[in-house]
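Notes for the structure review
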Amino acid sequence: MFMLLLIGMGPKIALVPFLDLTASMEEETRKKVAGQMVKTAVGVALILVLLGSLLMKLLHFTPGAVSIAGGIILMLLALHMLIGSGKSEEHDEKTASRDPMQMALYPLAVPYLLNPAGIAVLVTVYDQLDSLLMLAIVVGLVLLMGALDLAVFKNLDKLAKHLDPSRLMVTEAVFGVLLAALAVQLVLDGLAKLGIISGLPGH
């Protein structure tokens, strides 16, 4: 569960988008954005842990469907990172004009920090818990991941100073490819859960 949460709401996937969207911000504003981003992601994650199973029953979808949907959304994000790695001045002006706190909520908190892989895990985890102790452990892991995220994103100033636009562009393109691979894996996992394909490692 810790490794799944590290992928699903750890700092690595949100790192490049955060540096990109906050590049022109003052240090104090960047730290406020980081705090709001992490609080929002943790809050949504806890809601999904508690209500994910109910949402599946109310909306009549399966864990496999969640994985496939998450994979499609993650692929769109990956394509956006790849295609948008050479950003125009118009894009930069548009980003600069946006409210930093709104960017903290979307797209930074969701779907970058709490990404589709994390959402897929958290929506389905409740049905796998067999005691209140296990529920407490999962909640504790979500809070621990939030503390890790906060520590990372509130101390990015030194890293941000050393990332010029060309390095950021290359880094974003590489992350885009990695996200695309994760998106494909989510879709394959979903298809395996639905019984459409078989023979995947771990299934």
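These notes cover the structure that comes with them. Worth saying up front: this structure is predicted, and the values here are computed from it rather than measured.

1. Some points on a nonpolar patch on the surface
A cluster of nonpolar side chains, contributed by Ile47, Leu50, Leu51, Leu54, Leu55, Leu58 and Leu59, occupies part of the molecular surface with about 670 Å² of accessible area. Note that Leu59 resides in helix 3 (residues 27–59). Judged by relative accessible area, which is 57%, Leu59 ranks as exposed.

2. Section: unusual backbone geometry
Most peptide bonds adopt trans geometry, and most residues besides glycine take a negative phi value. The step from Tyr106 to Pro107 runs through a cis peptide bond, and the omega angle for that step is 15°. Relative to the helices and strands, Pro107 resides in helix 6 (residues 100–113). The omega angle of the peptide bond from Val110 to Pro111 is 15°, so this bond is cis rather than trans. Counting through the fold element by element, Pro111 comes out in helix 6. Despite not being glycine, His60 has its phi angle at roughly 55°, a positive value. Inspection of the secondary structure puts His60 in the loop between helix 3 and helix 4 (63–83).

3. Examining the nonpolar core
Counting residues in hydrophobic clusters, the biggest one holds 50 residues, and the most contacted among them are Met9, Phe18, Met37, Leu122, Val142 and Phe153. With 10 residues, the top contributor of residues to this core is helix 3.

Definitions and limits used
- Residues numbered from 1 in each chain as written.
- Predicted model: local features only at pLDDT ≥ 70, side-chain atom pairs only at ≥ 80, totals over all residues.
- Heavy atoms only, no water.
- Patch = residues over 30% accessible without salt bridge, like charges linked within 9 Å, V, L, I, M, F, W, Y side chains within 5 Å.
- Areas by Shrake-Rupley, 256 points an atom, 1.4 Å probe, with all protein chains shown as cover.
- Salt bridge = Lys/Arg side-chain N within 4 Å of Asp/Glu carboxyl O.
- Helix = DSSP H or I, 4+ residues; strand = E, 2+ residues; numbered from the N terminus.
- Buried < 20%, exposed > 50% of the residue type's maximum accessible area, 1.4 Å probe, protein only.
- Core = buried A, V, L, I, M, F, W, Y, C linked by side-chain atoms within 4.5 Å.

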